[in-house]
Amino acid sequence: MLSNPSLALPLEKGGKVAEHYVGRFAPSPTGPLHFGSLITAVASYCDARAHQGRWVVRIEDTDIPRIYPCSEDHILRSIDAFQFEPDADIIFQKDRLDIYEQVIEQLHTQGLVYACQCTRKMLGSNHIYQGTCRELGLALKDQAIRVKVDDQDICFMDRLQGTHCSNLMRDLGDFVLKRRDGIINYQLAVVVDDYLQGMTHVVRGADLLDNTERQIWLAQILGYPKLEYMHLPLAMNDQGQKLSKQNMAQALDLNQAPALLQQAFAALQQAPVDLDTPRIMLQQAIAQWDIERIPHRLTLAQIYQ
Ligand code: GLU
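It should be emphasised that the depicted structure is a prediction, and the values quoted were computed from it without experimental measurement. Sequence order as written defines residue numbering, which begins from 1 separately in each chain. Thresholds applied to this predicted model are a pLDDT of at least 70 for local features of residues and 80 or more for the giving and counting of side-chain atom pairs; totals over whole chains, interfaces and linings are not thresholded and use all residues. Side-chain numbers here rest on the full set of heavy atoms in the structure, without hydrogens or water.

In terms of burial, strand 10 (residues 228-232) is a largely internal element, four of the five residues being buried. Following the backbone out of strand 9 (residues 201-205), through helix 7 (residues 212-222) and into the adjacent parallel strand 10, one traces a crossover that is right-handed. Type-normalised accessible area, obtained with a 1.4 Å probe on protein chains alone, sets the label of each residue: buried when under 20%, exposed when over 50%, and partly exposed for intermediate values. Here a helix means four or more residues in a row that DSSP labels H or I, a strand means two or more in a row labelled E, and each is numbered from the N terminus. Orienting the strands away from the viewer, one traces the path from the first strand over the helix to the second; a clockwise path indicates a right-handed crossover.

All right, on to the pairing of strand 2 (residues 54-59) then. In the case of a regular strand, side chains alternate between the two sheet surfaces. For strand 2, the tally of buried residues reaches six of six residues, placing the bulk of the element in the interior. A two-sided burial pattern is seen for strand 2, the buried positions comprising Arg54, Val56 and Arg58 on one face and Trp55, Val57 and Ile59 on the other. Strands pair, by our definition, only if DSSP identifies at least two bridges between them. In this sheet, strand 2 lies alongside strand 1 (residues 22-25) in parallel orientation, the contact comprising four bridges. Bridging from a neighbouring strand, arginine 24 pairs with valine 56 of strand 2. A crossover links strand 1 with its parallel partner strand 2, the connecting element being helix 1 (residues 35-50), and its sense is right-handed. Pairing geometry for strand 2 and strand 3 (residues 91-92), over two bridges, is parallel. Paired with isoleucine 59 across the bridge in strand 3 is phenylalanine 92.

Structural measurements only, silent on function.
Below, the structure written as C-alpha cells:
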C-alpha cells in the first residue's frame with residue numbers, strides 16, 4: 001500500500017463513498033476521440049450507472065512525446081457534448097508523476113524493481129526480457145526501471161471474454177515501469193490510479209486484454225485489491241485494423257452526438273434508444289443496459305470509420 005494515505009484522491013464531490021462499483025473512462029490524448037473511444041465511454045458509463053455505481057474520467061497523458069495537440073481539449077469537449085456526468089473532477093496523470101515515482105521507490109525498497117541499462121539494440125528481436133540486469137544493482141537514476149515477475153500463471157475471468165491467463169516470466173519477462181527518458185509507463189500509472197481512485201471495475205477495449213495480467217501482477221505486489229474486467233470488442237475499419245488514432249480514425253463529430261450515441265448502442269447490440277438529448281438517451285440506455293447482448297468477441301463484425 002502507499003505509505004502516504006494523503007495521496008489518495010477524494011472520491012467524489014458529494015462526500016458519500018460507494019465502494020461496490022466505481023468505473024472509469026481513461027483515454028490517452030494521443031489523438032481526438034473516435035467511434036471506438038465512444039463505445040468504451042458509453043459502455044463504461046452505462047455499466048457503472050446500471051449498477052448504481054460511480055464513474056470518473058482520467059486523462060492518461062504520461063507519454064508526453066505521444067500527446068497530440070488539442071486532443072485533450074477534444075476529449076473534454078466530447079465529455080460535455082455527450083453529456084456524460086463524471087462523479088469527480090477529471091484528473092490528469094501528468095500532474096501526478098511524483099506519486100508514481102514514490103511507488104517506484106517503495107517497490108525498490110522492497111527489492112521488486114531494478115534499473116536496466118539494456119538498449120533496444122542490445123535486446124534485439126527477442127521480445128522476452130531475459131533478466132540481464134536483474135542482479136547488477138545499478139542506481140535507478142537515468143535508467144529504465146523494470147519490475148520483477150514470477151514464473152506463475154496469472155488468470156482472470158473477463159466478464160465478456162472469459163478466462164484469460166498469462167505466465168509473465170514465460171511470455172514477457174521483467175517489464176518496464178519507467179523508461180530511460182523518464183516517462184512513466186502506462187502499466188504503472190493505470191494500476192496506481194485505479195487504486196487511488198477506488199476503482200472496482202474496468203471496462204475498456206479488447207486491445208488492452210493482454211496488458212491485464214501485468215496490471216494484476218503490479219496490483220498484487222503493491223497489495224491493491226483485485227478489479228473486475230470487461231474487455232469490449234473493437235470497432236474495425238475497412239482495412240481490418242482497429243479504429244485508432246494512429247490509423248487516422250475519424251474524430252467524433254460533436255455536432256452529431258445523438259446519432260453517434262445510437263450507433264454506439266447498436267454496436268454494443270443494446271436495445272434501440274430514441275433520438276433525444278444525449279442525457280436522456282444515456283438514461284434510456286442505462287435503464288435497458290444488458291451486457292448479455294454485447295458480442296463476446298474481440299472485434300465487431302461491422303465496419304466503422
Ligand atoms: N489510456 C488507455 C487508452 O486510451 C486506456 C487505459 C485503460 O482503460 O486501462 O487506450
